[in-house]
Amino acid sequence: MTGTDDRQQIFSALGRHWNPGAATMLAAAGRAVESHATGSQVYAEDGTATLDLAGSYGVFLVGHGNPRVAAAVTETLARASAVPPGAVHPVTATLCRYLLGILPTGLDRFVLGSSGAEICEVALRAVHLARPDRRRIVVADGSYHGKTLAALSLLGQRNHRDPFEPLGSDLVVVPYGDAAAVRAAVADGSVAAVFLEPVLGGAHLTVPPPGYLREVAQDCVATGTLLVADEIQTGFGRTGQMFAVRHDDVRPDIMLLSKALTGGFVPVAVCALAGSVVDAAERHPRWHPSLLATGGPISAVAIAAAVATIEEVRDRDLPARAAELGPRLTEGLAAAVRRHPKHLRGAPGIGLMAGLRTANPAVELMVSIGLAQRGVHTGHSLNEQISEPVLRFYPPLTCTATDIDHALAALEEALTWLDRQPRALTRAVSALLRRQYRLPPALLLRLSKSPIRMDWQAG
Ligand code: PLP
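From a predicted model like this one, the values you see are computed outputs, not experimental measurements.

Cut-offs used in this document
- For every chain, the first residue of the written sequence is number 1, and numbering continues from 1 onward in sequence order.
- Whole-chain, interface and lining totals are the exception, using all residues; otherwise, since this is a predicted model, local features are given only for residues with pLDDT of at least 70 and side-chain atom pairs are given and counted only at 80 or more.
- Heavy atoms from the whole structure form the basis of all side-chain values; hydrogens and water molecules are not counted.
- In this text, near means that some heavy atom of the residue lies within 4 Å of the molecule or strand in question.
- Counted as a polar contact is a pair of N or O atoms within 3.5 Å, where, for protein atoms, one must be capable of donating a hydrogen and the other of accepting one, and residues adjacent in sequence contribute only when both atoms are in side chains.
- Here the open area of atoms and residues is found with the Shrake-Rupley method and a 1.4 Å probe, where only the protein chains shown may cover a residue.
- Think of it as three bins: nonpolar holds Ala, Val, Leu, Ile, Met, Phe, Trp, Tyr, Cys and Pro, charged holds Asp, Glu, Lys and Arg, and polar takes everything else, Gly as well.
- Note that a disulfide, as used here, is simply two cysteine sulfur atoms within 2.5 Å.
- Working definition: with a 1.4 Å probe on protein chains only, accessible area under 20% of the residue-type maximum means buried, over 50% means exposed, and in between means partly exposed.
- Note on pairing: two strands pair once DSSP finds at least 2 bridges between them.
- The way it works is that DSSP assigns letters per residue, a run of H or I at least four long becomes a helix, a run of E at least two long becomes a strand, and they are numbered from the N terminus.
- Axes here mean lines fitted to C-alpha atoms, for a helix over just the part in contact, with angles spanning 0 to 180 degrees between N-to-C directions.
- Any two residues whose heavy atoms approach within 4.5 Å at even a single point are treated as in contact.

Enquirer: Any chance you could explain the site of the ligand here in plain terms?
Expert: Lining the immediate environment of the ligand, one finds Ser115, Gly116, Ala117, Tyr144, His145, Gly146, Glu197, Asp230, Ile232, Gln233 and Lys259. At 2.8 Å, a backbone N or O of alanine 117 approaches an oxygen atom of the ligand. Between an oxygen atom of the ligand and a side-chain N or O atom of lysine 259, the distance comes to 2.8 Å. Within the complex, the protein chains bury 81% of what would otherwise be the 390 Å² of accessible surface of the ligand. Taken together, the residues of the shell around the ligand sort by class into three nonpolar, five polar and three charged.

Enquirer: Teacher, can you tell me more about the state of the cysteines here?
Expert: Each disulfide consists of a covalent bond between the sulfur atoms of two cysteine residues. Counted according to the given criterion, the structure contains zero disulfides. Among the cysteines around cysteine 220, which has no disulfide bond, cysteine 120 carries the closest sulfur, lying 16 Å off. Residue classification places cysteine 220 among the buried positions, given a relative accessible area of 1%.

Enquirer: Where do I start with the sheet that holds strand β9 (residues 226-230) in this structure?
Expert: Strand pairing in a sheet is mediated by backbone hydrogen bonds. Such pairs are either parallel or antiparallel. Strand order across the open sheet formed by seven strands is β5-β11-β10-β9-β8-β6-β7, with mixed pairing between neighbours. Every other strand in the sheet has two partners, leaving β5 (107-113) and β7 (170-174) as the edge strands with one partner each. Averaged over all neighbouring strand pairs, the angle between strand axes comes to 20°, with direction disregarded. The sheet contact formed by strand β8 (residues 191-196) and β9 spans four bridges and is parallel. The residue bridging phenylalanine 195 from the neighbouring strand is valine 228, located in β9.

Enquirer: Explain the side chain of arginine 161 to me, please; I cannot follow it from the model alone.
Expert: With respect to the secondary-structure elements, arginine 161 resides in helix α8 (residues 158-161). There is a polar contact of 2.5 Å between the side chain of arginine 161 and the backbone oxygen of leucine 155. Excluding residues that lie within four positions of it along the chain, arginine 161 makes contacts with Leu152, Ser153, Leu155, Gly156, Leu167, Leu171 and Val173.

Structure follows, in structure tokens:
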């Protein structure tokens with residue numbers, strides 16, 4: 001068991017050497033030290049349980065420590081550590097077969113990598129090889145595709161992109177959900193690809209109008225522009241369909257998958273490409289097969305985890321479960337918006353990908369802390385700077401109706417508390433956020449009632 005002194009040491013080390021802002025937020029939220037996790041619950045060393053509705057923004061789709069995935073991981077670990085280039089490993093063939101069985105028709109070539117950003121780069125390389133005469137890339141305002149420099153070059157979030165400019169991509173940023181804007185951008189045939197999240201994730205969480213993706217796909221086909229669907233947050237049933245492009249019956253040329261794919265055990269990512277894209281890339285005068293490959297061996301454990309995760313999603317029909325439980329969550333959040341209009345602006349969501357659009361970042365932080373203090377963990381937008389950030393709820397698709405009701409009851413309590421606070425509190429928290437949490441520890445402690453001394457704060 002970790003005592004208060006040990007907890008203090010852990011937080012001090014994290015605050016000094018890892019991430020001062022995150023350590024401050026976690027300490028202020030009264031975050032306990034984790035011991036283990038199962039299903040929707042994360043247990044602390046002191047025995048308290050937290051309902052995890054953040055799920056690492058979609059990673060824990062089949063729940064924490066899913067037994068089927070855990071068994072596949074353990075069994076593979078005992079036999080093989082990696083699938084080095086040149087090795088023939090049956091589990092890779094199984095993964096290909098499984099992906100073919102669930103992906104939209106036509107996506108039949110797979111490049112495996114270790115992170116979403118890495119396979120986003122694979123997609124970008126494929127796009128440039130397949131469309132060598134076009135340099136422009138269309139992305140949506142607010143979109144996110146990863147943090148490597150090439151992935152950053154595609155970001156619709158200027159605060160992450162600008163410090164590193166000039167980045168490689170000739171970017172056209174269009175408003176999300178506006179098919180006419182995409183049509184105008186691709187009309188002259190100079191755009192190599194449109195990169196889109198089928199539901200815009202992150203603090204912007206936005207569900208596009210029905211038909212949006214279909215219109216974009218039609219315009220892409222008409223102009224020879226490639227459509228890349230980033231399903232890293234939405235894939236494997238999160239939105240109530242196996243993939244979110246299915247809501248509009250769209251077949252993208254390239255699809256990006258990661259996060260939920262391995263049940264949270266080992267990161268792995270897949271760039272799924274239409275054979276026609278690979279054929280076009282192969283006609284590039286400088287073509288070589290290694291141009292689309294990622295470096296190094298892929299973990300056999302990760303591939304086995306992916307296989308077991310897909311079995312779990314498929315056999316338990318988790319997309320249908322997201323479609324069934326989703327309205328309970330989104331309608332509950334919408335009711336909270338109606339009851340607390342001072343602090344909330346909306347409840348975007350589809351399936352079990354839902355959120356609360358808050359009046360400002362201070363409200364988002366206070367609601368997330370209020371929920372944490374009541375044993376519910378939600379997805380806070382620490383890194384994004386937008387005026388009305390969405391606090392996210394990405395529960396495991398294995399969660400229960402009782403989990404959702406419990407979270408909604410905790411939310412009501414947290415919002416009722418917030419409604420009673422003076423405006424001065426929101427102003428103080430806004431100041432704290434502007435200074436990236438570097439406020440005098442005494443003030444932070446008063447605000448949070450945390451037993452942790454924030455000795456990493458400048459003072
Ligand atoms: N694309 C989307 C939509 C994401 O949400 C993320 C990660 O949050 C990425 C790409 C990047 O994935 P990774 O963090 O594994 O590089």
